[in-house]
Amino acid sequence: MKVLQLCSSLKHDESERGVYAISHALIKAGHESIVIASADEDDELVTRLIRDGADYYRLDMPKKSWWALRHIWALRRIINTHHPDVIHVHSRTPAWVLHWALRHIKAEHRPKIVSSLYGFYPLNQYSKAIFDADVLICASQSIENYFLKKLTKKHDRQLVCVSRGVDVRKYPYRHHSSVYWLHQVFAQYPELEHKKWLLFPTPIGNQYGQEWLVDILGNLQHKFENIHIIIMDEDPENKQTQCVFYEEFLQRLHALNLDKHVTFIGRNPVDKKEWLASANVVLALANRPESIGMTALQAIHLGTPVIGWAKGAFADILSALFPQGLVKEQSAIALCKAIKFQLSNRIRPAMTHEYVVEQMVAETLAVYQSLCPYCKLVNKDKHDKLTVCLSKE
């Protein structure tokens, strides 16, 4: 079986999309993998793909850019060269390029199309192409529920939920940060020493819920004098462009004399795992329902408590893995009560084998196999575990 994965990028959302993990499993199972994305060939992830034996092509198809349509003929040539059995498209802009690339290919020669839905996409013209597929893979139960309600008979497509998974080798349970790392942190941020860390792992914005942090500090700083909030966004002194929400948040902190309880560590720190593992609590407070909640998943797999609203992917994840962290009523009182209980009792999530990348890969390959039942695994004896996973589906 030949599978072509079509992406707009390989970098910023690889943990959610698992392109490399799927490609690696395909090749290990004796299939062929082709990947098309915008990353340069010297990119670390591309190097790993090529080293595994995948064919990689660079086509720049940035999100929401109609300039991507200039690659229609290049994509058609790649398809005609490899004749893939399945094309898995991971984004809406590449879906449009694929739509036009397949336009003149006869139905009997067209590959099977799989589309992954990573968000609560509106059913507008821009999203139309990604629904033109044989199977739609929803990246979480919340996304599947959303589209079951939204899609009508006109959009009659098979929906399959394949939840995103965490690589437990990178995020092992009860991972402890090294003393060396902690010394570095305290040297850079001395205000964090001997404090209880509440980690807010998202930037400041109109939908991420930073306004709740003011309520948390205002209500709990007297009970827990060593409480401290860590925000994964740029420091106000270093941030060159500040949005209205950022300015408003900072002004409220200063007005209430709470700024000394907040530290900014920068967006997407390279040692994100260490911060997640070392925090007392990770906060999941997005005002809009999250579609995947990957950071919350990573924290739970590390054994760090997560407290978040009971909506979207956070509700799916916490209900299954850490129900103690669910805050069903979206209010400051309910939120502070949950955090107070956690800081006083320190209950860690149990070790889990759910929401892992191996499960996500096996279920994705099972979708491919269902579309191409004539394609058999090569070296079956060497890959019994994967074969069993597929057969169970």
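Definitions and limits used
- Residues numbered from 1 in each chain as written.
- Predicted model: local features only at pLDDT ≥ 70, side-chain atom pairs only at ≥ 80, totals over all residues.
- Heavy atoms only, no water.
- Pairing = 2+ DSSP bridges.
- Helix = DSSP H or I, 4+ residues; strand = E, 2+ residues; numbered from the N terminus.
- Axes fitted to C-alpha atoms, helices over the stretch in contact; angles between N-to-C directions.
- Contact = heavy atoms within 4.5 Å.
- Parallel < 35°, antiparallel > 145°, perpendicular 65-115°, else oblique.
- Left-handed = near helix turned anticlockwise from the far one by under 90°.
- Nonpolar A, V, L, I, M, F, W, Y, C, P; charged D, E, K, R; others polar.
- Buried < 20%, exposed > 50% of the residue type's maximum accessible area, 1.4 Å probe, protein only.
- Core = buried A, V, L, I, M, F, W, Y, C linked by side-chain atoms within 4.5 Å.
- Arc of directions from axis to C-beta.
- Salt bridge = Lys/Arg side-chain N within 4 Å of Asp/Glu carboxyl O.

**Some points on the sheet that holds strand β2 (residues 32-37)**
- Across the sheet, 7 strands lie side by side as β3-β2-β1-β4-β5-β6-β7; this open sheet has parallel pairing. Across the chains shown, the open sheet's two edge strands, defined by having one partner strand only, are β3 (55-58) and β7 (158-161). On average, each strand axis in the sheet is tilted by 20° relative to the strand beside it, whichever way the strands run.
- Sheet topology places strand β5 (residues 112-117) next to strand β6 (residues 135-138); 4 bridges connect them, and they run parallel. Looking across to β6, one finds that L117 is bridged to C138.
- Running over the sheet, helix α2 (residues 19-28) touches β1 (2-6) and β2 and is turned about 160° from β2.

**Describing unusual backbone geometry**
- Even without glycine at this site, H83 takes up a positive phi of about 50°.
- Summarising the element assignment, H83 is placed in the loop between α4 (72-82) and β4 (86-89).
- The backbone of Y355 shows a phi angle near 55°, a positive value even though the residue is not glycine.
- Topologically, Y355 is positioned in the loop between α13 (332-345) and α14 (357-371).

**A closer look at the packing of α4 against helix α5 (residues 92-101)**
- Running from N to C, α4 and α5 cross one another at 70°; their axes reach a closest spacing of 9 Å. One finds that α4 runs roughly perpendicular with respect to α5. The two elements α4 and α5 cross, and the hand of that crossing is right-handed. From α4, I72, L75, R76 and I79 reach across to α5, where they touch V97, L98, W100 and A101.
- Residue composition of the contact of α4 with α5, grouped by class: 7 nonpolar, no polar and 1 charged.

**Side note on the side chain of Q5**
- On the secondary structure map, Q5 appears in strand β1.
- Among the residues examined, Q5 registers a relative accessible area of 0% and is labelled buried.
- Setting aside residues no more than four positions away along its own chain, Q5 makes contact with V19, I22, S23, I34, V35, I36, H88 and H90.

**As for the packing of helix α8 (residues 211-220) against helix α9 (residues 244-255)**
- Relative to each other, α8 and α9 sit at 15°, their axes nearing to 10 Å. The angle between α8 and α9 falls in the class roughly parallel. At the point where α8 passes α9, the crossing takes the right-handed sense. Counted together, E211, L213, V214 and L217 of α8 and F249, R252 and L253 of α9 form the full contact between these two elements.
- Across the contact of α8 with α9, the residue classes tally to 5 nonpolar, no polar and 2 charged.

**Describing the sheet that holds strand β12 (residues 306-309)**
- Taken in spatial order, the 6 strands line up as β10-β9-β8-β11-β12-β13 in an open sheet, and their pairing is parallel. Bordering the open sheet on either side are β10 (262-264) and β13 (326-327), each of which pairs with just one other strand.
- As defined by bridge partners, strand β9 (residues 227-231) adjoins β10 across 3 bridges and the pair is classed as parallel. Of the residues in β10, the one forming a bridge with I230 is T263.

**Examining the nonpolar core**
- Core analysis: the largest hydrophobic core is formed by 71 residues, its most contacted members being L75, L98, L117 and W275.
- If one sorts the elements of this core by residue count, helix α11 (residues 294-302) sits on top with 6 residues.
- L75 has contacts with L6, I36, L59, V97, L98 and A101, leaving out every residue within four places of it along the chain.

**Some points on α4**
- Regarding α4, the residues found buried are I72, A74, L75, I78, I79 and H82. Projected down its long axis, α4 shows its buried positions confined to an angular sector of 165°, all on one face. Turned more than 90 degrees off the buried face of α4, the exposed positions are W73, R77 and T81.
- Those residues of α4 that are buried lie in contact with β1, β2, β3, β4 and α5.
- Just past α4, the residue H83 takes up positive phi, approximately 50°.

**Thoughts on the pattern of salt bridges**
- With the rule as written, the count across this model stands at 3 salt bridges.
- The shortest N-O distance in the salt bridge between R58 and D40 comes to 2.9 Å. Placement of R58 in strand β3 and of D40 in the loop between β2 and α3 (44-52) is noted, with a sequence separation of 18 residues between them.
- Between R267 and D233 there is a salt bridge; the shortest N-O distance is 3.1 Å. In this pair, R267 sits in the loop between β10 and α10 (272-278) while D233 sits in the loop between β9 and α9, placing the two residues 34 residues apart along the sequence.
- Exposure remark for R267: the relative accessible area of 41% places this residue in the partly exposed category.
- Relative accessible area serves as the criterion here: at 0%, D233 is assigned to the buried category.

**A few points about the environment of A139**
- Tracing the backbone shows A139 in the loop between β6 and α6 (141-150).
- Residue A139 is classed as buried on the basis of its relative accessible area of 4%.
- Excluding residues within four positions of it along the chain, A139 makes contact with L117, Y118, V162, S163, R164 and I292.

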